[in-house]
Amino acid sequence: MIALRAAVALLLCAAGARGGDAGWNPSDLWNWHTPRDPRISPDGRRVMYLDEWNDRATDAVCANLVLVTIDGKQSRRLTDAPWRDRSPRWSPDGSRIAWISGRGGIHVMAVDSAQESVIDGAPLAIAWSADGQSIAFTARTAAAAPAWATPDILPWLAPPSHRRTALFTASLSGSKPRAVSGPDFDAAGAPVWMHDGKSILIASSDGAIYQIRLDGGSARRLTSGTDRCEDPLPSPDGSKIAWISADSALRSYSVRTLNVMNADGRREKRLAGTLDRDPVDPHWSSDSRTIYFLADDAGATYVYASRNDSTVRQVTHGAERLRGFTLADNGRAAAVRTTAHAVELVSFPADMPPPTATALAAPMASMFAAREVSAPEEVHFESAGKSIQAWIVRPPHFDAARKYPLLLDIADNPRRMFGPEFSLAAQIFAAHGWVVLRVNPRGTPGYGEEFGRLLPTRYPGDDADDLLAAVDSVVAKGGIDSTRIAVRGGLLAAWLLGHTDRFAAVVARRPIVDFALAGPRAAPWMGAFPWDDPGQYTKHSPLYFASNWKTPTLVLASAGDPQAEEFYQALEERKVKASLVRIPDWSKPSAQVLELETTLKWLSQ
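What comes next concerns the included structure. Bear in mind that the values here come from a model prediction, so they are computed numbers and not experimental data.

Moving on, we come to the sheet that holds strand β15 (residues 209–213). Pairing in this open sheet of four strands is antiparallel, and the strands run β13-β14-β15-β16 from one edge to the other. On the outer flanks of this sheet lie β13 (187–193) and β16 (219–221), each paired with one strand and no other. Here the average twist between neighbouring strands, direction ignored, is 30°. Across four bridges, the pairing between β13 and strand β14 (residues 199–204) is antiparallel. Residue pairing for β14: Ala-187 is matched across the bridge by Ser-204.

Listed below in structure tokens is the structure:
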């Protein structure tokens, strides 16, 4: 570790000698702004989005509404204070917007006059009626006290772990919201109105799509089978309903599918069945013939279009990540785009290939201009007969003739796909002298169902083999000191600690080290494991291999995290150099800053 510290210090001095660029640092999180949840107006002339930022005074993530014209030339903030607005939605005629306000309730604003009204409540998701006169929303309801509990017992009675989510409607005329779902219905996800205004579509916690009539609250199940269904979406002409489903079986991974049925629930059919990727953010075209959606594929995100005949075509082709796809009646679309050098809100015509995007908002443009960005480099290597993709972020002015420390950065809590997008964490590590390696091993989403299911019984294990093969591949390319390699991750970082001594340092972020302790909800793939006797560690637990531990390890724990505490105690018992840092609330911006600062200091000691 002393050699590691000296090497990193030397690299930092060399970077400072180049002058000019202060480099990326954890404190940049306090100045970071991210556009989120864009919504294009029905006529395609304006886009509303959330500007998300971190407030140092309250140590909270805040978000405010911004409205921008479709050419990006005019912009105005609709809210501007340290609270967190969310779920902005246009009225069908585009004259008003509704959103869930951080001040409480549902706020409705006339866009031109800025006149505002409030619907009281604690909503989870909202939707406009087709006539623009009502809003549907979901909210959790208080559980009724059991009949057996007498008044003297009630103060000591623990609340149930699950509270039912009910569906409500509220008229903009000012009447009190009313519940429209039955006492046993438990909603999941956002509601959506049928165009006749007589019923609402919504997914249930039982995994089915239901139609709830407003004249009596009766819930009619529309989808059949056992798949878990979500995101119902009626076509503009009211004849069909699209939705997304996933296999409900316990598997390491299952591809979600795009489906369509008649409005009465008959003739279910799968769309885009040949794509083998996960669709998100589906939107019907105004003629009800095409559904546009996003899907991740091999490190990037693309817009796809599926016709009613199940054919599918790729609309966009850029090396970028897209989120929050939204579509207007005229075929104009908007989304948040992240590339190697920008995080921005863009607009483009979805129905005119190849589309050319227009930047509407780039809140971090000045910081990007002032800092040197190291673009991720795509690499491929072989592991167990499979071609595995990875991305390398090198320090600025990388010199292959020198030797740099390598950080294997793992995304396994939850598992996610790396790509060419800008990552502030990766840029911070690179600016501090590290070559950052980010791998998409077997089991990663975005490569199809077969690739995602390659971990039926050896997880962790097969994916860890991929990570080690990636390290070998990068070291072979040159410029890496093989004695100064570190790893940062969750379960996989703890697993690697007991299976190899090639790392100079380990950073374990909230590691799951005992599946029995984690409980059945910790991971859906746990049903595939061959369990040992109750109370014993299985061969899939990192603690099973504790006798092999040697590498200095930093454990980053949540408050009241028995997994991390158990891991740290096992490290101390084996006299492995280790430190435990408890982070009280990971949702706070200060926690993210603390994590990055602590990691950098541990790696450079």
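Moving on, we get to helix α5 (residues 462–476). Counted at 1.5 Å a residue, the expected span for α5 with its 15 residues is 21 Å, and the 21 Å between its end C-alpha atoms agrees. The buried fraction of α5 amounts to 11 of the 15 residues, a majority that puts the element mostly inside the structure. Tucked inside the fold, the buried residues of α5 contact β29 (377–383), β30 (386–393), β31 (404–409), β32 (435–440), β33 (480–489) and α6 (491–497).

This part is about the pattern of salt bridges. All told, the structure shown has 34 salt bridges when counted by the stated rule. Among the ionic pairs, Arg-36 bridges to Glu-52, the shortest N-O distance being 2.8 Å. Within this pair, whereas Arg-36 is found in strand β1 (residues 33–40), its partner Glu-52 is found in strand β2 (residues 46–55), the two being separated by 16 residues in sequence. Salt-bridge contacts for Asp-472 lead to Arg-502; the nearest nitrogen and oxygen are separated by 2.5 Å. Taken together, the positions of Asp-472 in helix α5 and Arg-502 in the loop between α6 and β34 (505–509) put the pair 30 residues apart, joining distant regions of the chain. By relative accessible area, Asp-472 is classed as partly exposed at 42%. Residue classification places Arg-502 among the partly exposed residues on the basis of a relative accessible area of 25%. Because the salt bridges share partners, they merge into one network encompassing Asp-409, Arg-438, Arg-488, Arg-509 and Glu-595.

With that settled, the discussion passes to the sheet that holds strand β27 (residues 342–349). The antiparallel open sheet is built from four strands, whose spatial order is β25-β26-β27-β28. Both outer strands of the open sheet, β25 (321–327) and β28 (358–361), are each paired with one neighbouring strand and no more. Pairs of neighbouring strands in the sheet enclose a mean axial angle of 30°, with direction left out of account.

Take the packing of helix α3 (residues 424–431) against helix α9 (residues 589–603) next. Packed helices, taken two at a time, are described by the angle between their axes plus the distance between the axes. Here α3 crosses α9 at 30°, and the two axes come no closer than 11 Å. In terms of orientation, α3 and α9 fall into the roughly parallel class. Between α3 and α9 lies a crossing of right-handed hand. Between α3 and α9, the residues in contact are Ala-425, Ile-428 and Phe-429 and Leu-596, Thr-599 and Leu-600, respectively. Classifying every residue of the contact of α3 with α9 by side-chain character gives five nonpolar, one polar and no charged.

Moving on, we come to the environment of Phe-418. Along the chain, Phe-418 turns up in the loop between β31 and α3. Taking the C-alpha atoms as reference, Phe-418 lies 33 Å from Trp-90; in sequence the two are 328 residues apart. Leave out the neighbours within four places in its chain, and Phe-418 touches Gly-299, Arg-321, Gln-389, Trp-391, Asp-409, Ile-410, Ala-411, Arg-438, Val-439, Asn-440 and Tyr-447.

Okay, the pairing of β15 next. Burial analysis of β15 places four of its five residues in the buried class, the great majority of the element. As paired elements, β14 and β15 share five bridges and run antiparallel to each other. Residue pairing across strands places Ser-199 opposite Arg-213, the latter belonging to β15. If you look at the hairpin formed by β14 and β15, you'll find four residues sitting between the two strands, and Gly-207 has a positive phi there, around 95°. Across three bridges, the pairing between β15 and β16 is antiparallel. Among the inter-strand pairings, Ile-212 is bridged to a residue of β16, identified as Ala-219. Counting the residues between successive antiparallel strands, the hairpin from β15 to β16 contains five residues, one of them, Gly-217, with a positive phi of roughly 80°.

Its identity is not glycine, yet Ala-114 carries a phi of approximately 65°, on the positive side. With respect to the helices, strands and loops of the structure, Ala-114 is situated in the loop between β7 (106–110) and β8 (116–119). The phi dihedral of Arg-267 falls on the positive side, at around 60°, and the residue is not glycine. Along the chain, the position of Arg-267 falls in the loop between β19 (257–262) and β20 (269–271).

Another aspect to go through is the nonpolar core. Ranked by internal contacts, the top residues of the largest apolar core, which has 49 residues, are Leu-408, Leu-437, Val-439, Leu-496, Trp-549 and Phe-567. A total of seven residues in this core trace back to one element, the largest contributor, which is α5. When near neighbours in sequence (up to four residues on either side) are disregarded, Leu-408 contacts Leu-437, Val-439, Leu-467, Val-471, Ala-486, Val-487, Arg-488, Leu-496 and Phe-503. Listed in part, the 34 residues of the second largest apolar core include Val-343, Val-373, Ala-505 and Leu-596.

Procedures and definitions
- Residues numbered from 1 in each chain as written.
- Predicted model: local features only at pLDDT ≥ 70, side-chain atom pairs only at ≥ 80, totals over all residues.
- Heavy atoms only, no water.
- Pairing = 2+ DSSP bridges.
- Helix = DSSP H or I, 4+ residues; strand = E, 2+ residues; numbered from the N terminus.
- Axes fitted to C-alpha atoms, helices over the stretch in contact; angles between N-to-C directions.
- Expected span 1.5 Å × (residues − 1).
- Buried < 20%, exposed > 50% of the residue type's maximum accessible area, 1.4 Å probe, protein only.
- Contact = heavy atoms within 4.5 Å.
- Salt bridge = Lys/Arg side-chain N within 4 Å of Asp/Glu carboxyl O.
- Parallel < 35°, antiparallel > 145°, perpendicular 65-115°, else oblique.
- Left-handed = near helix turned anticlockwise from the far one by under 90°.
- Nonpolar A, V, L, I, M, F, W, Y, C, P; charged D, E, K, R; others polar.
- Core = buried A, V, L, I, M, F, W, Y, C linked by side-chain atoms within 4.5 Å.

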